[in-house]
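Structural description and commentary
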Amino acid sequence: MKKDLLLPLAILLLTTQATASFGLTSNTNCCSSPKQKKLHNNGVLKLVADDALHVPKKHTQSPTSTTALQAASVATGGALASEESNSGGGTATIPNEIFNLVKNIVGAGVLSLPAGIASFGNAPSAIIPATALIAAIGAASGYCFSAIGRVCAMENATSYRDAWSKTVGEGTSWIPAAICTFKTSSANLAYSMILADTFKALLSTVGVNLSRDVVLVGTTLSVLLPLCLLKNLASLAPFSLLGIVGMAYTTLAMAIRYFGGAYSAAGGKFVADIAPALQPSFGSTGAAGVLDPKAFILISMLSTAYMAHFNAPKFYLELKNNTIERYNKVVSTSFLLSILTFAGIASLGFLTFGANANGLILNNYSNKDTLMAFSRVAVALSIVFSYPLAFVGFRDGVIDLLQIPSEKRTNAKLNQLTVVLLSIVTVLASKVKDLSFLLSFAGATLGNALIYVFPAMMFRAAVKKLGDKATASQKAEANGIMGVAGMGIGMGFVGAKMALKSLSK
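Residues numbered from 1 in each chain as written. Predicted model: local features only at pLDDT ≥ 70, side-chain atom pairs only at ≥ 80, totals over all residues. Heavy atoms only, no water.

**Considering the overall build of the protein chain**
Within the protein chain, the secondary structure is distributed over 15 helices and 0 strands. Relative to its full complement of 505 residues, the protein chain shows a buried share of 59%. If you take every contact in the protein chain between residues at least 6 apart in sequence, the share linking residues at least 24 apart comes to 83%. Roughly 19600 Å² of accessible area belongs to the protein chain as shown, and the carbon and sulfur atoms make up 65% of that amount. (Helix = DSSP H or I, 4+ residues; strand = E, 2+ residues; numbered from the N terminus. Buried < 20%, exposed > 50% of the residue type's maximum accessible area, 1.4 Å probe, protein only. Contact = heavy atoms within 4.5 Å. Areas by Shrake-Rupley, 256 points an atom, 1.4 Å probe, with all protein chains shown as cover.)

Written out as structure tokens, the structure reads:
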């Protein structure tokens, strides 16, 4: 027991030291919205920032016009159209932005990736193509994240919707706004599902056995509803780092359990404590399994996992001296670190449990495993305190889409809408129990649009508006990026089909 207590304490100390080294403060989050008073997104799944849904007022730190011709490809490392220095932007340093972007990308959604591998393989060698897919999708996602920032530089745009309005057209700007809103609702649904499973397991650890639905309703009424009814979320800012702490601890704990053989099919000390459907199970379908269309389930899940693109304008605008070169450095480093984290957790979970890897990998671990119990606590707390931040984006997005006048947005109306929306999410969470399905379907439909299709459309339109000022490389890239859009549409169609097909099992 004492040894199991040492790891969480060590993680907390290391994270605190790393935070101090990066010089983070509660003011430096690049992903939050003005309405949320620059609160941190703690990196659990993804928070659709409020500013992604609305066209904001004129930004006081608009980038200088010289960045309009500084379009460069992250993927190809193409030459900048201009070498002029841009002294505009915000106050965030590169290390600060990297920390916040990784925190924005890496969340509890990564805990479903082992099940994504298990969807097409059951032998250890399946992690080889899975790792390649994680890297390839991560690189493509990073490239499109860069493209959004470059569109903001060309058009002086201050949000995802603003970038769309200034390139594709104001009349259709409700489309990305609606998708951002629905994407946030899927995040809240995933949060509720994870909390139901996690709290049920934690209560079982102390001898309290309740049904999943009872735990879900109890958590919603006693914890989530009061938090979502708060009018000032500033008090949640101190809990910003729980997501990073939880993921760091969980990764190390999973590594310890895998390399220590505690869940080995051949006599692991915790194997007898878990249900047969959650015990390690391996077969002969390895790397070749990636040729099965079921591999698109993992690909679609990755579209959700890497989702942070609605916050790309904030990262670009708040970067100090925000030249495209410096912005691309933030993007490439952050996505590389995220790729390594995703690959590590996905591999450890799959190598431990194989074909029986659950949609929430923490469900595979024994309730008597103290080391993993701390992981459940960390993940649960981080989700609880991030839930209202995501919910505000969901609720305000619905209000915006319904075009409710500001004078009618009274506290009473907001409270009523909060109860209605939270009730809908809770009912859905009681019916949908497969987290891997939710993340793969949401990624195939909503995620692919926001990550690949829309950025490509905006970038192509922005370059077209440059006319003769556009360089030859920009024109070539504007045509080539539509291939990325086509890839996103294709992955979305097949991924959604395979996700729905998995429900019939």
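Resuming the write-up.
**A closer look at the nonpolar core**
In terms of nonpolar packing, the biggest core is built from 137 residues, with Leu-111, Phe-145, Tyr-306, Phe-342 and Tyr-387 touching the most fellow members. Top element by residues in this core is helix α14 (residues 435–466). It accounts for 16 residues. The residues contacting Tyr-387, other than those within four sequence positions of it, are Asn-188, Tyr-191, Ser-192, Leu-195, Leu-224, Cys-228, Leu-422 and Val-425. (Core = buried A, V, L, I, M, F, W, Y, C linked by side-chain atoms within 4.5 Å.)

**A look at the confidence of the model for the protein chain**
Per-chain confidence: the protein chain averages 82 in pLDDT, with 82% of residues scoring 70 or above. Within the model, the stretch residues 7–87 combines pLDDT values under 50 with 225 contacts to residues more than four positions away or in other chains. (pLDDT = per-residue confidence, 0-100.)

**Structural notes on the packing of helix α6 (residues 174–205) against helix α13 (residues 411–431)**
The description of two helices packed together rests on the angle between their axes and the distance between the axes. Look at α6 against α13: their axes get within 9 Å of each other, and the N-to-C directions meet at 55 degrees. Judged by the angle between their axes, α6 and α13 are oblique. Viewed along their axes, α6 and α13 form a crossing whose handedness is right-handed. Between α6 and α13, the residues in contact are Asn-188, Leu-189, Ser-192 and Met-193 and Val-425, Leu-428 and Ala-429, respectively. The residue inventory of the contact of α6 with α13, partitioned by class, reads 5 nonpolar, 2 polar and no charged. (Axes fitted to C-alpha atoms, helices over the stretch in contact; angles between N-to-C directions. Parallel < 35°, antiparallel > 145°, perpendicular 65-115°, else oblique. Left-handed = near helix turned anticlockwise from the far one by under 90°. Nonpolar A, V, L, I, M, F, W, Y, C, P; charged D, E, K, R; others polar.)

**Quick notes on unusual backbone geometry**
With a phi angle near 55 degrees, Asn-156 is a residue other than glycine that sits in the positive phi range. Positionally, Asn-156 belongs in the loop between α4 (127–155) and α5 (160–167). Of note, the phi angle at Asn-321 is positive, near 50 degrees, even though the residue is not glycine.

**Re the side chain of Arg-257**
Among the secondary structure elements, Arg-257 is positioned in helix α8 (residues 242–259). A distance of 2.7 Å separates polar atoms of two side chains, one belonging to Arg-257 and the other to Asp-369. (Polar contact = N/O pair within 3.5 Å; in protein donor to acceptor, adjacent residues only side chain to side chain.)

**Description of the packing of helix α2 (residues 94–105) against helix α11 (residues 324–353)**
Contact geometry for α2 and α11: axes closest at 9 Å, N-to-C directions at 40 degrees. Here α2 lies oblique to α11, going by the angle between them. Of the two elements, α2 crosses α11, and the hand of that crossing is right-handed. Between α2 and α11, the residues in contact are Ile-94, Glu-97, Ile-98, Leu-101, Val-102 and Ile-105 and Arg-326, Lys-329, Val-330, Val-331, Thr-333, Ser-334, Phe-335, Leu-337, Ser-338 and Phe-342, respectively. A class-by-class count of the residues in the contact of α2 with α11 yields 10 nonpolar, 3 polar and 3 charged.

**Quick look at α11**
Across its 30 residues, α11 extends 43 Å between first and last C-alpha, which sits within 8% of the 44 Å expected from 1.5 Å per residue. Just past α11, the residue Gly-354 takes up positive phi, approximately 60 degrees. (Expected span 1.5 Å × (residues − 1).)

**Digging into the pattern of salt bridges**
With the rule as written, the count across this model stands at 9 salt bridges. We note a salt bridge from Lys-368 to Asp-273, for which the minimum N-O separation is 3.9 Å. A residue pair is termed long-range when its members are at least 10 positions apart, and Lys-368 in the loop between α11 and α12 (370–401) and Asp-273 in the loop between α8 and α9 (295–305) qualify at 95 residues. Using a relative accessible area of 62% as the deciding quantity, one classes Lys-368 as exposed. A residue is classified by how much of its surface remains accessible, and Asp-273, at 35% relative accessible area, is partly exposed. (Salt bridge = Lys/Arg side-chain N within 4 Å of Asp/Glu carboxyl O.)

**Focus: the environment of Asn-411**
Note that Asn-411 resides in helix α13. Residue classification places Asn-411 among the partly exposed positions, given a relative accessible area of 48%. For the pair Asn-411 and Leu-229, spaced 182 residues apart in sequence, the C-alpha separation works out to 9.3 Å.

**Observations concerning the packing of aromatic side chains**
This model, assessed by the stated rule, comprises 16 aromatic pairs. Pairing Tyr-258 with Phe-259 gives two aromatic rings, centres 4.9 Å apart and planes at 65 degrees, and the pair type is edge-to-face. When the centroid spacing of 5.6 Å and the interplanar angle of 90 degrees are considered together, the rings of Tyr-316 and Tyr-327 count as edge-to-face. Taken together, the residues span a long stretch of sequence, with Tyr-316 in helix α10 (residues 312–318) and Tyr-327 in helix α11 at a distance of 11 residues. Tyr-327 matches Tyr-316 in its accessibility class, with the two residues each being buried. (Phe/Tyr/Trp six-rings, centres within 6.5 Å; stacked < 30°, edge-to-face > 60°.)

**Notes on a nonpolar patch on the surface**
Among the surface-exposed residues, Val-206, Val-208, Leu-210 and Val-214 lie close enough to one another that they form a single nonpolar patch of about 330 Å² accessible area. Mapped onto the secondary structure, Val-208 falls in the loop between α6 and α7 (212–228). For Val-208, a relative accessible area of 34% translates into the label partly exposed. (Patch = residues over 30% accessible without salt bridge, like charges linked within 9 Å, V, L, I, M, F, W, Y side chains within 5 Å.)

**What about α7?**
Along an α-helix, a turn takes 3.6 residues, which lines up residues three or four apart on a common side. The axis of α7 is deflected most strongly, by about 40 degrees, at Thr-220. Here α7 has its buried residues at Arg-212, Val-215, Leu-216, Thr-219, Thr-220, Leu-224, Leu-225, Leu-227 and Cys-228. Of the surrounding elements, those touching the buried residues of α7 are α6, α12 and α13. (Bend = angle between axes of the 7 residues up to and from the residue.)

**Brief notes about the environment of Asn-156**
Here Asn-156 falls in the partly exposed class, since its relative accessible area comes to 32%. Distance in space between the C-alpha atoms of Asn-156 and Pro-313 is 9.8 Å, their sequence separation being 157 residues.

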